Amino acid sequence: MASKKVLDFKVIHFKFSSEDDPYEIFIKEHTSRNYEDDKPMGRTLFVVNIPPYVDEQNLSKLFAQIGSVVSVKLQRGIPSNDDKLQQEIISNGFRSGYVVYKKRESLVRIMNISTLKPLVDLNNDIEVGFLKYAKQYNNSVYNHDELSERAKRAIEIFDNREKEKLNEEKEQVDDEGWTVVTKKGRNPGLAFKESVENKLNEKQQKKMKKKTLRNFYPFQIKESKREHLANLRQQHEEAKRKIAEMRKNRTFRPY
Amino acid sequence: MDVDMSDGDTDESIKGDTIDRPSKRHNTSESSVGKKKQKFKQPTVEELNDLHETQTLFNNNLFRLQISELLEATKIKNKYNERLTSWINEFQLFLGILPVHDPINISNFSSKAANRPSRDLRFIKNITSHCKNNLRCDQDISVLFVRPNCMSTFGLFKIGSLPGPHLKINLQLTIPKECFHVKDFLNNRYLVKKFYYLMYIAEHLKSQNICSSIKCSYYQDSILLPHLVVVPSNAEKVFVNIFVVPEQNYFKGHRFLPYVNNVKVPVFEQDLPMGVENNFGEMPTKYYNSALGFDVTLVENIVFIEQTISHLTNVQEGLKLIIVWMNQRKLNEGMGTFHEDIVIYIIVYLVFKKKINNHMSSYQVFRNFLNFMITTNLTKDPISICENITEEVIQQFNSAFDVVIIDRTGYYNVAAFLNASVYFKMRYECQLAFSILDQDTLNSFSNLFLVNIPFHLQYDGIIDIKSDNNFETVLQNVDTNEKAAYLGHHYFLIIKILQSYLKRGLNKRVLNIVPLVPSLQMWDYGVRQKLINHRIIFGIQLDPDSAFDILEYGPNLNDPGDTDFREFWGRLSSNRRFRDGTAKVVVHFDTKTIKEQREIIKNIIDFILTDKLNLNYKFYYNEFEDVLLNKRINAWYPVGTNEETSLKIIRSSDKLGQKIRSLGVQLSISGIGGISDVYCYTNVFPPVPTSYRSGKSITTTRDHNIILKEKKLNAAPKYVEPIECAIYLEHSSKWPTDLDALHHMKILLYLEISKLLFKNYKIVSSVKPSFIDVLYDGTIFRYTLFVSKEVGLLKKSVKANGALIYRDTEKSLELEKKFTILPKIIGALKGMQAQFPCYGISTCLAKRWIRSQLIDDYLFPDMIINLLNAQQFISQSLYTAATTPQVAFLRFLKYIIDVTWDLEPIVINFNNELTREQISNVDTQMRINRDKYPPLFILTPYDNGDSIFTKKAPSKQVLVRLKLLAAECLDVVANIVLNESLYSIKELFIPNINGFNCVLHLRSLINPRRHERILNVETDGKVPFSEPTKEAEENMPVIDFDPVQMYLKELRINYGAFCVFFHDTYGGNFIGVLWNPKELEPRNIKVSYMLGRKVENDKLILDKEEIIRGFHILGKDILKSIDNNT
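Residues numbered from 1 in each chain as written. Chains lettered and ligands numbered in written order. Predicted model: local features only at pLDDT ≥ 70, side-chain atom pairs only at ≥ 80, totals over all residues. Heavy atoms only, no water.

Enquirer: Is there a simple way to explain the packing of aromatic side chains in this structure?
Expert: One pair of aromatic rings is described through two measures. These are the centre distance and the angle between the planes. Residues and elements named next belong to chain B. Under the counting rule described, the total for this entry stands at 56 aromatic pairs over all chains. Feature note: the residues F63, W325, Y363, F366, F445 and F449 constitute an aromatic cluster, connected by ring pairs. Between R408 and the ring centre of F304, over which it is positioned, the NZ or CZ distance is 3.9 Å. Stacked on the ring of F568, the Lys or Arg K612 has its end atom at 4.5 Å from the ring centre. (Phe/Tyr/Trp six-rings, centres within 6.5 Å; stacked < 30°, edge-to-face > 60°. Lys NZ or Arg CZ within 6 Å of the ring centre and 35° of its normal.)

Structure, rendered in structure tokens:
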């Protein structure tokens, strides 16, 4: 059992409570080409297939039975460069995560263990179900004063930041005599927006259009007639296509 | 070529300017067309003509092609034509060798048959034993059986207008004049002879092997016009109707004019339960005459019809279209119907009058027919195809019959058996068809010719007077004249009398009461025929303007007619004085709710049919509404269906809105709009305004909020649904340019509103980070501030060249959807409710039904139901708007079945704001790029052609399933109405627990909407809702707390990839789970597949046990048990 492996993952068994059947979690040592601060080499365990009801706190408790855990990070799905795959598992509640041990020994030890202790024994007030929802509801009822305090503080911070920005934005003439043109000031520049760009293009086109003559030369008249015909033809074709589809659906059966 | 290219270029750039997405898709196709244009083929003359013709002779291209496709599909196959010709040859041979029998007197039929069986007598014995007919006459006439003179086919088939593939061919045999006496038209003698002659044919046909079945039936349900219906042995599915008629001009035609009497003595006793007097003297027997008239004039008429139409192929095709259209709407079925022959005569008349000709396309013939029907009133202005008929005779016909269309001979009214109401119904349908043609929408063609509309969807109510009734009371006061007129056709008389009773009772409330009497059943030759009583069915079409008036005005007191009125209404009538000083006899209906108001119709009909006429009947009208009553609720005001509560909430909302506006908040409020379903009356169970108190066992209070006790909590308080509204603020440049700061600014505003509301009005409220809940008049209103800048901020991003761009993001779309598009649509729907008061309730029925099929908001959002049901009221393309919720709901089901969401966008064109070009543009684009559009695409004027409500749901599977379910449901209803099945309608709304891989049973106590379930036994305790009082409005209740929904949401988030969850939103006590079949397949071992799977035999397979354990763990205290059926 201890040596059961899938790809380069090791299978470890986990139970929610002692009555349950064991369940398979896949673990391996985390390896990465680039160094990340929160996932130190040698001490980080990559865990896959964590069931939805296990949160970070529980996960940490679960793995702490081997040795003390420094940090735990959970994420939906499996980290992948493939966007499409990421999309596919969006409604999948099974997660993967990183467990960082304090010492490498713990990591080595867990690689030799096949079964973890049931979760319920480690943490007997796991919040799930009705009670969790009730608590969630109660937490969503706010005290108005607190709320007001918080909002005011946030706005204050924002205001200060704005002020600083405003100061920066004032027209400045640099050493060599260049002036930065901003939206404010005496000679404001045009806003650099897409809509402005489009408007400019439009104007240009209108000007062009005015210059050309339409339905003036015989060939143009001929052309427009031909276009009309082509239009009719196209409608006809489209109608035909639609009919074909309807026929495929066996719609023409008035009985 | 050069010009071509540049043209294409400018075209493209112009298109490119518009920003909305569909046109961009358009762009790509345009350029591909542009490429084609380069290889311009010179048109042939033929093509030019074709295109030209389409423009002038048809509605449009599609319509033309559809018509030709339809005509092709209904063409009679050559195979059948050949078989038929060969069969007719065979039949002719059979007639040639038909045995001839000696004349025999009727009185001898039974006596002689007993002893010595000779060949003749065996025959007589057979026919007498087979057909104990009720036909009698005054004399002991002698019957002669000799071969018929000649034979010919006639009818739709003959003139090439019969839509296949169900073939019906009429055949006419002429009885030689030796068989008759000149006076045989009197006293039923002719009819008796004819009947035996028909039996004679049948009896000998039976001994031959050329027919697989021989039946008898009645032409236009007149028992005086029997004919044979045989099925040729070489062609099943083909019916040959064999008529026998006397030789042309043998009887004098004027004997059959409506004022002539042809029956002197009672010969119809058996089938006339009306106590016939001994002598009719000279009283006109118009129906008897008409029946004979049909036989006598048949040959001349069919010859004329053939002459007129047989060479006009376009007219024939037009006629075929009319027949197809009528078939789809069941306009030519049953007693007193608008028979196909009437249509033929009208077409002949139009050709005769040169109103249609062969230069017209079939489409134009159809259109002209409709136009003729609409513009003429045949009840007032009779028409005739007889050339030498005097005005006087026409007037005689006109006074005798409802509708008059005189035939070629001038002696027979083709529409004699047509009921006036049926005629008006037909006219009404013509009008509708005409408007459909003019609407010229995407599917006007299929609405006209391809959608089959059963009659119970065409009327607001169906009265079914059962066949076991005795109509003596009905016929009590009929005078002899009338009886004489209806001799042999007493059912026509009964129908007429019932109609007049109903019409008098319902008065202005109805537009039309149409008899829909099922045809007499055909009976097999050889089986003794039983005279079965008819069920008499009426379809009633209500007048939406006055159907539900609570007062029925009679005449002024002491006016003539006042006793008459009192007599008719009996106990219901009363005297009333009005404000203007007049006093009238009236009938007042006491109603407390709108539902009761709708029941006025039911009460009136019950009064007439039960109290006055003592008839056993059933009325299909509002049985479905029962499922919308929340019977376990004990409210402090009268509650029916949702209207009362919705109205209360909307009123409170208006009042509260005014108060909020008057608060003087920093930024002035520019508008407040409702975005909940309640505002358009489509919330099935809107929250009943009530007072909220903190209970001892499960709740406690904090600040001024009722919250849940966290210890030993084992039940949820009843559900309090917040009514959502949006507050629009005046534009201001002062809003911060940072999302987070903006949110906090909004919170401060909420808090200010909350403070002021309490200070000025003592109204409590509770602020959450993204909205404010206000308790007012016992209802919770949830207001959200909408700042348009927020949308801009969410959209903002920077382009590669540094320019600022605004692009839709998921969040910005969500915000726009909720606060700019939704209010518009809710507003439009609210307007619709005002215009069509049954819109709301019918939508509720649709919702309740869909939810009870365990398809909830996640799978099929509420808003889509609102929109889809709005469709029937906006387009009115199959029927005019319904007046009662039930029929609107049934039509909704029908729509779900018929709608081709896979081929076309669903157009819900509020106020006709979308132009035809816009619609057809989307339609074309969708056809080209079907995969880019969601399975269901709804085009409304308000969401820039994005169909924002259908983006995530419903899926194709749900749509397909719903279609199946709707078909099943309509079938059941059809069975109830048509076949008198006793199935309970309620059961259509009871969720089905079978067929799931896994069923999660929920604990009832944690379900805050449990009282909405349908299966409730009524003895269950009632949930009291007391009137809100000021004292009770101190605390905010527990709002929007539904553990079942929370659980469902959590399940979907976590396991939505592996399985689909089904639940009945309205109090459902279980959740059904289906595994996603794709996920059940074993996968190769790969890291990306490892989630939720386990290893078995070197493959990854779905770990069902673990997932089910997950259901258990997440559903702690919510689940009662899990049935695992896998």
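Enquirer: I would appreciate a short explanation of the sheet that holds strand β1 (residues 5-6) of chain A in the present structure.
Expert: All names here are of chain A. Taken in spatial order, the 6 strands of this open sheet run β1-β2-β3-β4-β6-β5, and their pairing is antiparallel. Of all strands in the sheet, those bounded by a partner on one side alone are β1 and β5 (69-76). In the sheet, strand β3 (residues 23-29) pairs with strand β4 (residues 44-50) via 4 bridges, with the strands oriented antiparallel. Counted as the bridge partner of K28 is F46 from β4. (Pairing = 2+ DSSP bridges. Helix = DSSP H or I, 4+ residues; strand = E, 2+ residues; numbered from the N terminus.)

Enquirer: When you look at the nonpolar core in this model, what are you seeing that I'm missing?
Expert: Side chains of a nonpolar character, in soluble globular proteins, are inclined to be buried together. Ranked by size, the top nonpolar core spans 330 residues in total, and within it F91(B), W325(B), F338(B), I347(B) and F369(B) carry the most contacts. Membership of the second largest hydrophobic core comes to 84 residues, among which are V128(A), I780(B), Y1055(B) and L1091(B). (Core = buried A, V, L, I, M, F, W, Y, C linked by side-chain atoms within 4.5 Å. Buried < 20%, exposed > 50% of the residue type's maximum accessible area, 1.4 Å probe, protein only.)

Enquirer: Can you help me understand helix α9 (residues 286-309) of chain B in this one?
Expert: Since there are 3.6 residues in each turn of an α-helix, residues three or four apart along the chain are aligned in direction. Residue and element names in this part refer to chain B. For α9, with 24 residues, the first-to-last C-alpha span of 30 Å runs short of the 34 Å given by 1.5 Å per residue. Along α9, the sharpest kink reaches roughly 55°, centred on L298. Here α9 lies mainly inside the structure; 20 of its 24 residues are buried. (Expected span 1.5 Å × (residues − 1). Bend = angle between axes of the 7 residues up to and from the residue.)

Enquirer: Looking at this model, I keep getting lost on the pattern of salt bridges. Mind explaining?
Expert: All names here are of chain B. This model, assessed by the stated rule, comprises 44 salt bridges over all chains. In this structure, the salt-bridge partner of D857 is R851, at a minimum N-O distance of 4.0 Å. Taking the relative accessible area as the measure of exposure, R851 reaches 1% and is therefore buried. Taken together, the shared-partner salt bridges in this structure form one network comprising D464, K466, R535 and E980. (Salt bridge = Lys/Arg side-chain N within 4 Å of Asp/Glu carboxyl O.)

Enquirer: Looking at this structure, how should I read a negative patch on the surface?
Expert: Among the surface-exposed residues, D145(A), E146(A), E149(A) and D703(B) lie close enough to one another that they form a single negatively charged patch. The topology assignment puts D703(B) in the loop between β20 (699-702) and β21 (705-708). Of the residues examined, D703(B) reaches a relative accessible area of 49% and is grouped as partly exposed. (Patch = residues over 30% accessible without salt bridge, like charges linked within 9 Å, V, L, I, M, F, W, Y side chains within 5 Å. Areas by Shrake-Rupley, 256 points an atom, 1.4 Å probe, with all protein chains shown as cover. Lys, Arg positive; Asp, Glu negative; His and termini not counted. Charge placed at Lys NZ, Arg CZ, Asp CG, Glu CD.)

Enquirer: Help me understand the packing of helix α5 (residues 78-96) of chain B against helix α8 (residues 189-207) of chain B in this model?
Expert: Each pair of packed helices gets described by two things: the angle between the helix axes and the distance between those axes. Residue and element names in this part refer to chain B. Put simply, α5 and α8 touch, their axes get as near as 11 Å, and they point 110° apart. On the basis of their axis angle, the class for α5 and α8 is roughly perpendicular. Seen from above, α5 lies across α8 with right-handed handedness. Residues F91, F94 and L95 of α5 lie in contact with α8, whose contacting residues are I201, H204 and L205. Class assignment for the residues of the contact of α5 with α8 results in 5 nonpolar, 1 polar and no charged. (Axes fitted to C-alpha atoms, helices over the stretch in contact; angles between N-to-C directions. Parallel < 35°, antiparallel > 145°, perpendicular 65-115°, else oblique. Left-handed = near helix turned anticlockwise from the far one by under 90°. Contact = heavy atoms within 4.5 Å. Nonpolar A, V, L, I, M, F, W, Y, C, P; charged D, E, K, R; others polar.)

Enquirer: Explanation requested: a nonpolar patch on the surface in the structure shown.
Expert: Residue and element names in this part refer to chain A. A cluster of nonpolar residues, L213, F216, Y217 and F219, forms a patch on the protein surface that exposes about 420 Å² of accessible area. Within the fold, F219 resides in helix α8 (residues 218-248). In this structure F219 comes out as partly exposed when scored by relative accessible area, which is 40%.

Enquirer: Could you clarify how one ought to interpret a positive patch on the surface in this entry?
Expert: Taken together, the side chains of R250(A), R253(A), K77(B), K79(B), R83(B) and K237(B) make up a positively charged region of the molecular surface. Within the secondary structure, R250(A) is located in the segment after α8. The exposure class of R250(A) is exposed, given its relative accessible area of 58%.

Enquirer: Whenever I open this one, the confidence of the model for chain B confuses me. Can you help?
Expert: Close inspection of predicted coordinates is inappropriate in any region flagged by low pLDDT. Here chain B shows a mean pLDDT of 83. Residues at 70 or above account for 90%. Least confident of the elements in chain B is helix α1 (residues 2-17) of chain B, whose mean pLDDT is 37; most confident is helix α26 (residues 839-852) of chain B, at 93. (pLDDT = per-residue confidence, 0-100.)

Enquirer: Help me understand the interface of chain A and chain B in this model?
Expert: With 86 residues of chain A in contact, the opposing surface of chain B contributes 114 residues. Of all residues in chain A, the largest losses of buried area upon contact with chain B belong to F130(A), Y133(A) and Y137(A), amounting jointly to 10% of the total for that side. If you look at where chain A meets chain B, you find 2 salt bridges. The tally of links between chain A and chain B comes to 13 residue pairs in polar contact (both at pLDDT 80 or more). For the side of chain A that touches chain B, the residue count by class is 37 nonpolar, 19 polar and 30 charged. (Buried area = accessible area lost by both parts, 1.4 Å probe. Polar contact = N/O pair within 3.5 Å; in protein donor to acceptor, adjacent residues only side chain to side chain.)

Enquirer: When you look at the pairing of strand β25 (residues 779-786) of chain B in this model, what are you seeing that I'm missing?
Expert: Both faces of the sheet carry side chains from a regular strand, because those side chains alternate between them. Residues and elements named next belong to chain B. Summarising burial for β25: 8 of the 8 residues are buried, a large majority. What you see with β25 is no split at all: T779, F781, Y783 and L785 on one side and I780, R782, T784 and F786 on the other are buried throughout. Of the strand pairs in this sheet, strand β22 (residues 723-729) and β25 are connected by 6 bridges, and their pairing is parallel. Within β25, the residue paired with I727 across the bridge is L785. Inspection of the sheet shows strand β24 (residues 771-776) paired to β25 by 5 bridges, in the antiparallel sense. Within the sheet, the bridge partner assigned to D773 lies in β25 and is R782. The loop that links β24 with its antiparallel partner β25 comprises 2 residues; one of these, D777, has a positive phi angle of about 50°.

Enquirer: It is not clear to me how the side chain of N413(B) should be interpreted in this structure. Could you clarify?
Expert: All names here are of chain B. Examined against the element boundaries, N413 turns out to sit in the loop between β9 (405-406) and α14 (420-439). Classification of N413 as buried rests on a relative accessible area of 0%. One polar contact links the side chain of N413 to the main-chain carbonyl oxygen of V403, over a distance of 2.9 Å. A distance of 3.0 Å separates a polar atom in the side chain of N413 from the backbone nitrogen of A415. Contacts of N413, omitting those with residues within four sequence positions, involve F397, F401, V403, V404 and I405.

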